[in-house]
Amino acid sequence: MKTLKTISLFLALSMTFFSCIEHEVIPPPVNTVDLNAAFIGFVNGTQIEFTQNVLGYGAVSENAEDINPSPTLSKMTYGTRIQSIYNPQAIRVKFGAQEWDVAQNAYPTVSMFNEWLNLYSNTPVPFSNQGLEGVEVEYTDNNGVTWVSRDTDPNQSATFEFTGSQSDNTGDYSFFKCTFTCLVWRYNAQTAADESINIENGIITSWFKK
């Protein structure tokens, strides 16, 4: 009889122990997009190159929005900056502006985003300050000085080739290759004069994020 009681007690304790074990919840796999970026070009005759995952380089999204009440159209300017966590040298391209009515959509939809960008694929795009009506290029040199393109310079050209779009858990992306030649400017406070440097045969491969 004592043996039966001992077995019963053991079974009861075992059931209590196993009932306290928490089951491991395995999360579903995360959908991610491979976001590669690079820049190569001649800056004042010297070849400069930034490559994803080399010397800490990678791209970040830098969009700017101007939200207006309907029927005034809102505007979205898309931007990507290729920068390093170790070096000051960087380059950014801004492209815009996409217009849409917030009464119909709070923000441009994925189809609106891709269709608008593809309108400019393989077509010369003018330079525009702040990228509001075309392209703006911003270059940061190895001293951390920022140089920005202007829409008043002649003989400038830029062409986008949009190479596809993908989405993941963090957003929607449109991949592109941008080729350009332009002057970039800065104001020198010491000389109280504008200064410029030339970027020739620049190629940026990166992405815009919706």
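Coordinates for the structure precede this section.
Every value quoted in this text rests on a predicted model; they were computed, and no experiment measured them.

Student: I'd like a description of the overall build of the chain, backed by residues and values.
Tutor: Across its full length, the chain carries 2 helices and 11 strands. Listing the helices and strands of the chain from first to last along the sequence gives α-β-β-β-β-β-β-α-β-β-β-β-β. For the chain, the proportion of its 210 residues judged to be buried stands at 38%. Excluding contacts between residues fewer than 6 apart, the proportion of contacts in the chain whose partners are at least 24 apart in sequence is 60%. Approximately 12,400 Å² of the chain is accessible, and the part contributed by carbon and sulfur atoms is 54%.

Student: Residues and numbers for the packing of aromatic side chains, please.
Tutor: Inspection of every chain in the model, using the stated rule, returns 18 aromatic pairs. Each ring, one from Y78 and one from W116, has its centre 6.0 Å from the other, and the planes form 45°; the classification is tilted. Of this pair, Y78 sits in strand β5 (residues 74-84) while W116 sits in helix α2 (residues 110-118), and the two are 38 residues apart along the sequence. Taken individually, Y78 and W116 each receive the classification buried, so the pair is uniform in this respect.

Student: Describe the side chain of S128, with residues and values.
Tutor: On the secondary structure map, S128 appears in the loop between α2 and β7 (135-140). Apart from residues lying up to four places away in sequence, S128 is in contact with E133, G134, V135, E136 and D151.

Student: Outline the pattern of salt bridges, supporting the account with residue identities and numerical values.
Tutor: Applying the stated criterion across every chain, the model contains 7 salt bridges. Note that K75 and E99 form a salt bridge whose closest N and O atoms lie 4.0 Å from each other. Residue K75 is located in strand β5, and its partner E99 is located in strand β6 (residues 90-100); the two are separated by 24 residues in the primary sequence. By relative accessible area, E99 is classed as partly exposed at 43%. Between R92 and E138 there is a salt bridge, with the nearest N and O atoms lying 3.4 Å from each other. Of this pair, R92 sits in strand β6 while E138 sits in strand β7, and the two are 46 residues apart along the sequence.

Student: Could you give an account of the environment of R186, with specific residues and numbers?
Tutor: Inspection of the secondary structure puts R186 in strand β10 (residues 171-188). The contacts of R186, once residues within four sequence positions are left out, are V145, T146, W147, A193, D194 and E195.

Basis of the calculations
- Residues numbered from 1 in each chain as written.
- Predicted model: local features only at pLDDT ≥ 70, side-chain atom pairs only at ≥ 80, totals over all residues.
- Heavy atoms only, no water.
- Helix = DSSP H or I, 4+ residues; strand = E, 2+ residues; numbered from the N terminus.
- Buried < 20%, exposed > 50% of the residue type's maximum accessible area, 1.4 Å probe, protein only.
- Contact = heavy atoms within 4.5 Å.
- Areas by Shrake-Rupley, 256 points an atom, 1.4 Å probe, with all protein chains shown as cover.
- Phe/Tyr/Trp six-rings, centres within 6.5 Å; stacked < 30°, edge-to-face > 60°.
- Salt bridge = Lys/Arg side-chain N within 4 Å of Asp/Glu carboxyl O.

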